[in-house]
Amino acid sequence: MLLVNSIRDNFEVVLEGLQKRNFTHAEAVLHQVLEIEKSRKETQLERDNLQAESNSLSKQIGMLMRDGKKAEAENIKTKTAAIKDRIKSLEESYNTYEEDLRQLLYTIPNVPHYSVVKGKSADDNEVVLEYGEIPELPEDKLPHWDLIKNYDIIDFELGTKITGAGFPVYKGRGARLQRGLINFFLDEAIKAGYNEVQPPILVNEDSGYGTGQLPDKEGQMYEATADKLYLIPTAEVPITNMYRDVILNEIEFPIKNVGYTPCFRREAGSWGAHVRGLNRLHQFDKVEIVQIVHPDHSYEALEEMSEYVQGLLQKLELPYRVLKLCGGDMGFTSSLTYDMEVYSAAQERWLEVSSVSNFESYQANRLKLRYKGDDKRTQLAHTLNGSALALPRIIAALLENNQTEEGIRMPEVLIPYLGFDII
RNA sequence: AGAGGAGUGGCAGAGUGGUCGAAUGCGGCGGUCUUGAAAACCGUUGUACCGCAAGGUACCGGGGGUUCGAAUCCCUCCUCCUCUGCCA
């Protein structure tokens, strides 16, 4: 969430930023924040002063009791009663102000980077670059949902029987392709200096708030209600929350973690060809990279992560493009996001396979993730993450783009991981 | 899951109603000494909020309560340890 001080000190900048993402009533909400904050401070001042008075009287009572002057002590006791009532009522208002402030801040999205354009929807995203040749496929090319049936490598009906729609069963070479890709992605990340972690895939409420899934996206997560736990929608949640309530030493930067996890998304209300087959699932696999860095270097880190993800796509020989998201299309917590999309030659459309974001201090503020430098001051760190990569659409593109009469050709780099070169 | 025990500063560990944000040791940082290092000695060393500052307030696992006053007493939740049970 945003820092109140930054809203106060950079009011115009914050306002302009929020307007870029079409956040309605931005000005009114920001003014409300400052107003509540003002009341909060006034209440604290009064409460603290009374508390100081009460503390001092209590000490006097203690000393009088020790000296055996009981009558005098009793006399002071009566004075404290009134103060106590007043403190209690101030305490209640203070808590209300604090809670109202927090709830209000939860509703305010991150301020986009100054270079982010306004825009209304995904149509206004800027294509930063395109890479690779779009393959020419024969007339009888098939979309992946037909290919997986023909080769019997992914079974949606079977998954529907076991669980429900959007939970496919990967079979035979389909399963091995999954496993091969996961291992390939993890190995590449390790080579790039990331530390591999295996986090839990159920998280508690605090973690959901820490990275911003709660309260914003409550309905999009599966919930284990008996234990108040959530199935993670992305490994970003557990991996970033490892650093909740942590004060790092500056010399530990940059912190680079990578983890493979299944991801679970309820994604209600979607339909049509765009969500067919592997395009949108309730459960899918993803390798996620997460960085925690010094605020001065977070945009360098973002570029580095973007290039890293692009390198993976190049190795997989997939044509891709990089989008810089406009304000209207960016996630709630992000300051700047690049989306990587691969071209699916049979569906003849671009599929998002990665999203790389810099959250600046927005998540860190919720997480209380700070660092201490040479000057001994504690400050908020910056967090970033990116998919590297999400499997289903990569598989969709690999299957579609590499289909031949002999079968589906696998990219060179995967063959050692698969043990076969064609499906 | 049942029975018992325990949660205090970076770590170890004292403190069982008042002068305790908290002894002491270790570690960290600064200094003295030394050609340098070690040792020794001296100093310093939590977080957050309010305040221009002086200073104030809160925090001893979380929340609530008793009391003029709580690390200390009570309730509740969480976590960890030991034993028993169960289990990949």
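So, how was this worked out
- Each chain has its residues counted from 1, following the order in which its sequence is written.
- Starting at A for chains and at 1 for ligands, labels are handed out in the order in which the entities are written.
- Per-residue local features of the predicted model are confined to residues with pLDDT of at least 70, and side-chain atom pairs are confined, for both listing and counting, to 80 or more; whole-chain, interface and lining totals are unaffected and use all residues.
- Remark: hydrogens and water are excluded; side-chain values derive from all non-hydrogen atoms of the structure.
- Salt bridges are identified by distance alone: a Lys or Arg side-chain nitrogen within 4 Å of an Asp or Glu carboxyl oxygen.
- Only DSSP runs of H or I reaching four residues or more are called helices, and only runs of E reaching two or more are called strands; each is numbered from the N terminus.
- When accessible area is computed with a 1.4 Å probe and restricted to protein chains, residues below 20% of their type maximum are described as buried, those above 50% as exposed, and intermediate ones as partly exposed.
- Only heavy atoms are used to decide nearness, and a residue is near a molecule or strand if one of them lies within 4 Å of it.
- The term polar contact refers here to a pair of N or O atoms within 3.5 Å; inside protein, the definition further demands a hydrogen-donor-capable atom paired with an acceptor-capable atom, and it admits residues adjacent in sequence only when both atoms are side-chain atoms.
- By the convention adopted, Pro, Cys, Tyr, Trp, Phe, Met, Ile, Leu, Val and Ala count as nonpolar, Lys, Arg, Asp and Glu as charged, and the other residues, Gly among them, as polar.
- Pairing of aromatic rings covers Phe, Tyr and the six-membered ring of Trp, with a centre-to-centre limit of 6.5 Å; geometry is then stacked below 30 degrees between planes, edge-to-face above 60, and tilted otherwise.
- A ring is considered to have a charge above it if a Lys NZ or an Arg CZ atom is located within 6 Å of its centre and within 35 degrees of its normal.
- Boundaries of every domain are those given by an automatic assignment or by a domain database.
- Should any heavy atoms of two residues lie within 4.5 Å, those residues are considered in contact.
- Throughout, buried area stands for the accessible area (probe radius 1.4 Å) lost by two parts on being put together, summed over both.
- Expected helix span is given by 1.5 Å per residue-to-residue step, counting one fewer step than there are residues.
- In this description, strands pair whenever DSSP reports at least two bridges between them.
- Axis definition: a line fit to C-alpha positions, over the contact stretch in the case of helices; interaxial angles, taken between N-to-C directions, run 0 to 180 degrees.

Colleague: Sorry, what's going on with the pattern of salt bridges here?
Modeller: Evaluation of the coordinates by the stated rule reveals 17 salt bridges. Among the ionic pairs, R86 bridges to E46, the shortest N-O distance being 2.8 Å. Taken as a pair, R86 in helix α4 (residues 70–106) and E46 in helix α3 (residues 26–66) lie far apart in primary sequence, 40 residues in all. For E46, a relative accessible area of 34% gives the class partly exposed. Among the ionic pairs, K141 bridges to E348, the shortest N-O distance being 2.5 Å. Placement of the pair is K141 in the loop between β1 (126–131) and α5 (144–150) and E348 in the loop between β12 (336–344) and β13 (349–358), with a sequence separation of 207 residues. Under the relative-accessibility criterion, K141 is labelled partly exposed at 25%. When salt bridges that share partners are traced, they join R47, D48 and E91 into one network.

Colleague: Hey, could you run me through the protein's contact with RNA strand B in this one?
Modeller: Around RNA strand B, the surrounding shell holds 21 residues, and the nearest of these are Q44, S58, R370, K372 and T378. Counting only the atoms of RNA strand B within 4 Å of the protein, the fraction contributed by sugar and phosphate is 72%. A distance of 2.3 Å separates a sugar or linking oxygen of RNA strand B from a polar side-chain atom of Q44. Split into classes, the residues belonging to the surface near RNA strand B amount to 5 nonpolar, 7 polar and 9 charged.

Colleague: What is the right way to look at the packing of aromatic side chains in this model?
Modeller: Any aromatic ring pair is given by two values, namely how distant the centres are and how the planes are angled relative to each other. This structure, assessed with the given rule, holds 9 aromatic pairs. Taken together through their ring pairs, the aromatic side chains of F184, F185 and Y417 make up a single cluster. Its guanidinium or amino end placed over the ring of Y94, R47 lies 4.4 Å from that ring's centre, counting from NZ or CZ. Above the face of the F420 ring, R173 is positioned so that its terminal group lies 4.3 Å from the ring centre.

Colleague: Looking at this model, I keep getting lost on the domain arrangement of chain A. Mind explaining?
Modeller: It is common to give the size of an interface as the accessible area that goes away when the parts come together. Each assigned domain of chain A is listed here: domain 1 (4–106) and domain 2 (122–418). Of note, the centres of domain 1 and domain 2, computed from C-alpha atoms alone, are 43 Å apart. Facing 5 residues of domain 1, the contacting portion of domain 2 comprises 10 residues. Of the roughly 560 Å² buried where domain 1 meets domain 2, counting both sides, 48% is carbon and sulfur surface. When the buried area of domain 1 at its contact with domain 2 is split by residue, K20, R21 and Y106 rank highest and sum to 87% of it. Applying the counting rule to domain 1 against domain 2 returns 0 salt bridges. Scanning the region where domain 1 abuts domain 2 turns up 3 residue pairs in polar contact (both at pLDDT 80 or more).

Colleague: Sorry if this is basic, but what is going on with the side chain of N365 here?
Modeller: Considering the arrangement of structural elements, one finds N365 in helix α11 (residues 362–367). Apart from the residues within four sequence positions on either side, N365 is in contact with M1, L2, L3 and L380.

Colleague: Sorry, what's going on with helix α7 (residues 173–191) here?
Modeller: One turn of an α-helix holds 3.6 residues; hence residues three or four places apart share an orientation. Its 19 residues place the ends of α7 26 Å apart at the C-alpha level, agreeing with the 27 Å of an ideal helix rising 1.5 Å per residue. Within α7, the full set of buried residues consists of G174, L177, Q178, G180, L181, I182, F184, F185, L186, E188 and A189. Two residues or fewer past α7, G193 is found with a positive phi of approximately 95°.

Colleague: Just to check I follow, could you spell out the sheet that holds strand β4 (residues 195–196) for this structure?
Modeller: By definition, the strands of a sheet pair up through backbone hydrogen bonds, in either a parallel or an antiparallel sense. With respect to topology, 8 strands assemble into an open sheet ordered β1-β11-β12-β13-β16-β10-β9-β4, the strand pairing being mixed. Because the sheet does not close on itself, it has two edges, and the strands there are β1 and β4. Alignment of strand β10 (residues 283–293) against strand β16 (residues 382–390), held across 7 bridges, turns out to be antiparallel. Bridging from a neighbouring strand, Q291 pairs with L384 of β16. Across the sheet, α7 lies against β4, β9 (255–264), β10 and β16, angled at about 5° from β10, the strand it touches most. On top of the sheet, helix α12 (residues 391–401) reaches β10, β12, β13 and β16; it is set at about 30° to β12, its chief contact.

Colleague: In this structure, what is going on with unusual backbone geometry? I would like to understand it.
Modeller: With glycine set apart, most residues show a phi of negative sign, and most peptide bonds adopt trans. For the peptide bond that leads from F253 to P254, omega is -10°, which places it in the cis range. With respect to the element layout, P254 can be found in the loop between β8 (247–249) and β9. Here A388 and L389 are connected by a cis peptide whose omega angle stands at 5°. The topology assignment puts L389 in strand β16. Positioned with a positive phi, D152 is a non-glycine residue whose angle comes to about 55°. Classification of D152 as partly exposed rests on a relative accessible area of 43%.

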